[in-house]
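Close look at the chain arrangement
These are the residues of each chain, in order.
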Amino acid sequence: AMSDDEQPTFETTESGASQTYPQQAGEIRKGSYLMIKGHPCKCTEISTSKTGKHGHAKAHIVALDIFTGKKYEDLCPSSHNLDVPFVKRTEYQLLSADPETGEVSLLLENGSCKDDLNLPTFVKVGEPTDDDKKVVEEILKGMEDGKEVIVIVQAACGEEKIIQVKISDAK
């Protein structure tokens, strides 16, 4: 694989601008994605309060980081624009997963391999969530049983994570 410094510098998708789009805080709903303190999060509760006769309504947002499950809160005027991350979900067929190292190999549609992901219990920050553990169990069991394992990868802000598994009988 190419190292980062060999890649062409033009037209990269890593620039911060294209990974998010603005949305008014007042339009955020439960289940909406938004950025809090630079983390892509999914809103779990939102409440708006009027501050007074001439005050602005404030939105109080509680959200969980979509990669780590960590809880973040934000309080801002509901007319205020928030950054909303583009969240993409892609299904890949799993070729292999190593429970020791956490390395995962996925099959891309063009027949090449994607080897840059790890099992979700191998986390850089904090502790894996119960969901992470469940996903890994399903992956390893599916592989052991010789099934076809499809993983669903959620991507946002240049990060990716396996968040779901679909198991079917191998063809």
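Source: prediction; values computed, not measured.

**Remarks on the packing of aromatic side chains**
Scanning the entire structure with this criterion turns up one aromatic pair. Judged by centre distance (4.9 Å) and plane angle (45°), the rings of Tyr21 and Phe86 are tilted. Separated by 65 residues along the polypeptide, Tyr21 in strand E1 (residues 20-24) and Phe86 in the loop between strand E6 (81-85) and strand E7 (88-97) bring together distant segments of the chain. On the basis of relative accessibility, which here comes to 33%, the residue Tyr21 falls in the partly exposed class. Since its relative accessible area comes to 45%, Phe86 is described here as partly exposed.

**Examining the nonpolar core**
Counting residues in each nonpolar core, the largest one holds 15 residues, and the members touching the most others are Leu94, Val104, Leu106, Ile139, Val151, Val153 and Ile162. The set of elements that each furnish at least two residues to this core consists of E7, strand E8 (103-107), helix H1 (130-144), strand E10 (148-156) and strand E11 (159-168). Contacts of Leu106, omitting those with residues within four sequence positions, involve Tyr92, Gln93, Leu94, Leu95, Ser112, Cys113, Lys114, Asp115, Leu117, Val151 and Val153. Listed in part, the 13 residues of the second largest apolar core include Cys41, Ile61, Cys76 and Val84.

**What to know about the pattern of salt bridges**
Enumeration according to the criterion identifies seven salt bridges in this entry. With a closest N to O distance of 3.1 Å, Lys114 and Asp116 form a salt bridge. Between Asp132 and Lys161 there is a salt bridge; the shortest N-O distance is 2.8 Å. Here Asp132 is found in helix H1, whereas its partner Lys161 is found in strand E11, with 29 residues between them in sequence. Here Asp132 and Lys161 have matching classes, each one buried. If you follow the salt bridges from partner to partner, you end up with Lys114, Asp116 and Glu160 in one network.

**Remarks on the side chain of Gln154**
Within the element layout of this structure, Gln154 appears in strand E10. Its relative accessible area of 4% is what places Gln154 among the buried residues. Within the local environment of Gln154, its side chain forms a polar contact with the side chain of Arg89, the two groups lying 3.2 Å apart. Non-local contacts of Gln154, meaning those with residues more than four positions away in its chain, are made with Tyr33, Ile66, Phe67, Val87, Lys88, Arg89, Glu159, Glu160, Lys161 and Ile163.

**Digging into unusual backbone geometry**
A positive phi angle, near 50°, is found at Lys37, a position not held by glycine. One can find Lys37 in the loop between strand E2 (33-36) and strand E3 (39-49). Residue Lys37 is classed as exposed on the basis of its relative accessible area, which comes to 61%. In this model, Cys157 sits at a positive phi of 55°, which is unusual for a non-glycine residue. Positionally, Cys157 belongs in the loop between E10 and E11. A residue is classified by how much of its surface remains accessible, and Cys157, at 23% relative accessible area, is partly exposed.

Here is what the cut-offs are and how they apply
- Residues numbered from 1 in each chain as written.
- Predicted model: local features only at pLDDT ≥ 70, side-chain atom pairs only at ≥ 80, totals over all residues.
- Heavy atoms only, no water.
- Phe/Tyr/Trp six-rings, centres within 6.5 Å; stacked < 30°, edge-to-face > 60°.
- Helix = DSSP H or I, 4+ residues; strand = E, 2+ residues; numbered from the N terminus.
- Buried < 20%, exposed > 50% of the residue type's maximum accessible area, 1.4 Å probe, protein only.
- Core = buried A, V, L, I, M, F, W, Y, C linked by side-chain atoms within 4.5 Å.
- Contact = heavy atoms within 4.5 Å.
- Salt bridge = Lys/Arg side-chain N within 4 Å of Asp/Glu carboxyl O.
- Polar contact = N/O pair within 3.5 Å; in protein donor to acceptor, adjacent residues only side chain to side chain.

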